[in-house]
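What follows is each chain in one-letter form.
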Amino acid sequence: MQGYIDVIVKGNKIIIKGQEFLLGELSVSLMNMDDDVLRQMSKHLVELERIACICREKHVFYRKLIDTDKERKAELAQDEHIKIPTFDEWIEIHEHVCAIQELMQTFKMGEVLMSPVGKDFMKLFENAEFGTEQYNFNWMWYLELLDITMGFVEDVFAVLRTFRMFTVHIISFLKKYDINHLAGAYHILMCDPRYRWMVASFNDPDKVTYTDSDFMILQYKPMYDPVKNEYIIAEYFRMDNLQAIAKTDMLRGLMKGHFPRRCENCGRYFLMTKAYRTRFCDMPSPEDPKRTCNQMAYAKKKVKEEKADDPKYQSYRRCIKRIEKAFQREAITEEQKELLLSKAEELYTEAMMSPEYSNEEFEAMLQSKNLYKSCGINIPRKGRPKKEDDND
């Protein structure tokens, strides 16, 4: 990926590199990045800053300037902020760039925006001798790719952190999920001093920043919508950084009533397109990949409701309470309590798996006189046992 990226916003969809997505869909994919992937990206970014001597605090970005003629590139190569690496260092730099680009393929937005160049890319520069004008020119040409790659990583951290905070701490507490409330939520995030800590800023330890403005080129294009069988005026953008694309995707999504939620079952983020208070996603559940989290939540709720009305389950729960109460009044030891609980669970499982036990028979099996006897424990007397007198 080099230079500008063409982005089209058409109705409730966003089109990037010819691929169409619901507004907000790509941003949610970024929010679901694996934490281990983020840690690996961070390590590669630190190494790039060290080897290429690029410091976020001092480095002047030449993305706009280096896209110029050979003479201008040679002139810029003399700038004190730019270090010309040896070819061995350059190869090491490129290995980190390739590693980052591969990690970007692990989530949908990164896969769409960045096309890996591969390690063979360095063969384009191997014939130039270090210190020559051609070598410097090649490095200045490569610097654009390096700058964009590092910028993408910084944007990933800034956007992911801010969008996650926005979702968990502001959106989830809205009374309504209409466009007005969603826009108001973003106003709180960006304008209320009490919530500014949620926004990634230069004051954070890693110094990545979620900006309040981005550079982009906007055109309006008439386009035919085959679904609605009508013409519309679409917004055609040219952007050169991930953060601008993510904001366009997420914020224009909010204005269409699309918003992110965090699943209460798996902790992943998912996109809502209607103002429902859905608490669970439709992605495969970690407990049972054949079912979605929504299906698992429904199944658990159904089982719980069914158990509440099941006579055997009621008998089992009453038995558990009797055992816990006996332990609380010190009528049985902790070891005896665990033995009784284990036996009660064993009998309950057996009764639920086999139809030969009636509800009445199972109730009798769990009565204290029978349960205690089956465990070889004497039935305790009612009331709290008297403590022995030390003077006796």
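Residues numbered from 1 in each chain as written. Predicted model: local features only at pLDDT ≥ 70, side-chain atom pairs only at ≥ 80, totals over all residues. Heavy atoms only, no water.

(A) Spatial organisation of the overall build of the protein chain. The secondary structure content of the protein chain amounts to 13 helices and seven strands. In the protein chain, which comprises 392 residues, the proportion classed as buried is 42%. In the protein chain, 62% of the contacts between residues at least 6 apart in sequence involve partners at least 24 apart. Total accessible area computed for the protein chain in this model is approximately 22,500 Å², and 50% of it derives from carbon and sulfur atoms. (Helix = DSSP H or I, 4+ residues; strand = E, 2+ residues; numbered from the N terminus. Buried < 20%, exposed > 50% of the residue type's maximum accessible area, 1.4 Å probe, protein only. Contact = heavy atoms within 4.5 Å. Areas by Shrake-Rupley, 256 points an atom, 1.4 Å probe, with all protein chains shown as cover.)

(B) Expanded view of the sheet that holds strand β5 (residues 230-239). Pairing is antiparallel in the open sheet, where five strands are placed in the order β3-β2-β1-β5-β4. Since the sheet does not close on itself, it has two edges, and those belong to β3 (19-22) and β4 (217-225), each with one partner. Here the strands of the sheet are splayed against their neighbours by 30° on average, with no regard to which way each runs. Here strand β1 (residues 5-10) runs beside strand β2 (residues 13-16); their pairing, made up of four bridges, is antiparallel. Residue pairing in the sheet places I8 in a bridge with I15 of β2. Relative to β5, helix α8 (residues 242-254) is tilted by about 145°, and along the sheet it contacts β1, β2, β3 and β5. (Pairing = 2+ DSSP bridges. Axes fitted to C-alpha atoms, helices over the stretch in contact; angles between N-to-C directions.)

(C) Just the confidence of the model for the protein chain, in detail. Looking at the protein chain as a whole, its pLDDT mean stands at 86, while 86% of the residues score no less than 70. Helix α1 (residues 25-31) holds the highest mean pLDDT among the elements of the protein chain, 97, whereas helix α3 (residues 70-76) holds the lowest, 57. Per-residue pLDDT stays below 50 along residues 59-67; that stretch engages in 22 contacts with residues further than four places along the chain or on separate chains. (pLDDT = per-residue confidence, 0-100.)

(D) Structural view of a nonpolar patch on the surface. Taken together, Y4, F215 and I217 make up a surface patch of nonpolar side chains, about 260 Å² in accessible area. Its location among the elements puts Y4 in the segment before β1. (Patch = residues over 30% accessible without salt bridge, like charges linked within 9 Å, V, L, I, M, F, W, Y side chains within 5 Å. Salt bridge = Lys/Arg side-chain N within 4 Å of Asp/Glu carboxyl O.)

(E) Focus on the pattern of salt bridges. What the rule picks out here adds up to 17 salt bridges. As a salt-bridge pair, R50 and E92 come within 3.9 Å of each other at their nearest N and O atoms. Here R50 is found in helix α2 (residues 35-51), whereas its partner E92 is found in helix α4 (residues 87-104), with 42 residues between them in sequence. A salt bridge links K247 to D214, with the shortest nitrogen-to-oxygen separation between them at 2.9 Å.

(F) Representation of helix α6 (residues 133-169). Between its first and last C-alpha, α6 extends 54 Å over 37 residues, near the 54 Å set by a 1.5 Å rise per residue. At Y142, α6 is bent by approximately 25°, the largest bend along its length. The buried fraction of α6 amounts to 28 of the 37 residues, a majority that puts the element mostly inside the structure. (Expected span 1.5 Å × (residues − 1). Bend = angle between axes of the 7 residues up to and from the residue.)

(G) Molecular detail of the environment of A99. Following the sequence through the fold, A99 ends up in helix α4. For the pair A99 and K119, spaced 20 residues apart in the sequence, the C-alpha separation amounts to 9.8 Å.

(H) Representation of the nonpolar core. The biggest cluster of nonpolar side chains holds 86 residues, and the ones touching the most others in it are W139, Y142 and L146. Here this core gets 18 residues from one element, more than from any other, and that element is α6. Contacts of W139, omitting those with residues within four sequence positions, involve I82, K83, I84, P85, W90, I93 and L146. Core analysis: the next-biggest nonpolar cluster, separate from the first, contains 19 residues, A326, L341, F362 and L371 among them. (Core = buried A, V, L, I, M, F, W, Y, C linked by side-chain atoms within 4.5 Å.)

(I) Summary view of the packing of α2 against α4. Running from amino to carboxyl end, α2 crosses α4 at an angle of 155°, the nearest separation of the two axes being 10 Å. Taken together, the axes of α2 and α4 lie roughly antiparallel to each other. The crossing of α2 and α4 is left-handed. For the pair α2 and α4, the contacting residues are V37, Q40, M41, H44, L45, E47, L48, R50 and I51 in the first and E89, E92, I93, H96, V97, A99, I100, L103 and M104 in the second. Along the lines of polarity and charge, the residues of the contact of α2 with α4 split into eleven nonpolar, three polar and four charged. (Parallel < 35°, antiparallel > 145°, perpendicular 65-115°, else oblique. Left-handed = near helix turned anticlockwise from the far one by under 90°. Nonpolar A, V, L, I, M, F, W, Y, C, P; charged D, E, K, R; others polar.)

(J) Unusual backbone geometry, seen in detail. Here K17, not a glycine, exhibits a phi torsion of approximately 50°, which is positive. Relative to the helices and strands, K17 resides in the loop between β2 and β3. A relative accessible area of 42% places K17 in the partly exposed class. The phi torsion at K207 lies on the positive side, around 65°, for a residue other than glycine. Residue classification places K207 among the partly exposed positions, given a relative accessible area of 26%.

(K) Highlighting the packing of aromatic side chains. Scanning the model with the defined rule gives 19 aromatic pairs in all. Each ring, one from F163 and one from Y210, has its centre 6.0 Å from the other, and the planes form 65°; the classification is edge-to-face. Taken together, the residues span a long stretch of sequence, with F163 in helix α6 and Y210 in the loop between α7 (179-191) and β4 at a distance of 47 residues. Accessibility expressed as a relative area gives 2% for F163, which makes it buried. Y210 sits in the buried class, given a relative accessible area of 3%. Measuring from ring centre to ring centre gives 6.2 Å for Y348 and F362, while their planes differ by 45°; the resulting arrangement is tilted. Of this pair, Y348 sits in helix α11 (residues 334-353) while F362 sits in helix α12 (residues 359-365), and the two are 14 residues apart along the sequence. Per residue, the accessibility class of Y348 equals that of F362, and both read buried. Grouped by ring-pair contacts, the aromatic residues F87, W90, F121, F125, F130, Y135, W139, W141 and Y142 constitute a single cluster. We note K221 situated over the ring of Y236; from NZ or CZ to the ring centre the distance is 4.1 Å. Just above the ring of F327 sits the side chain of K337; from NZ or CZ to the centre is 4.5 Å. (Phe/Tyr/Trp six-rings, centres within 6.5 Å; stacked < 30°, edge-to-face > 60°. Lys NZ or Arg CZ within 6 Å of the ring centre and 35° of its normal.)

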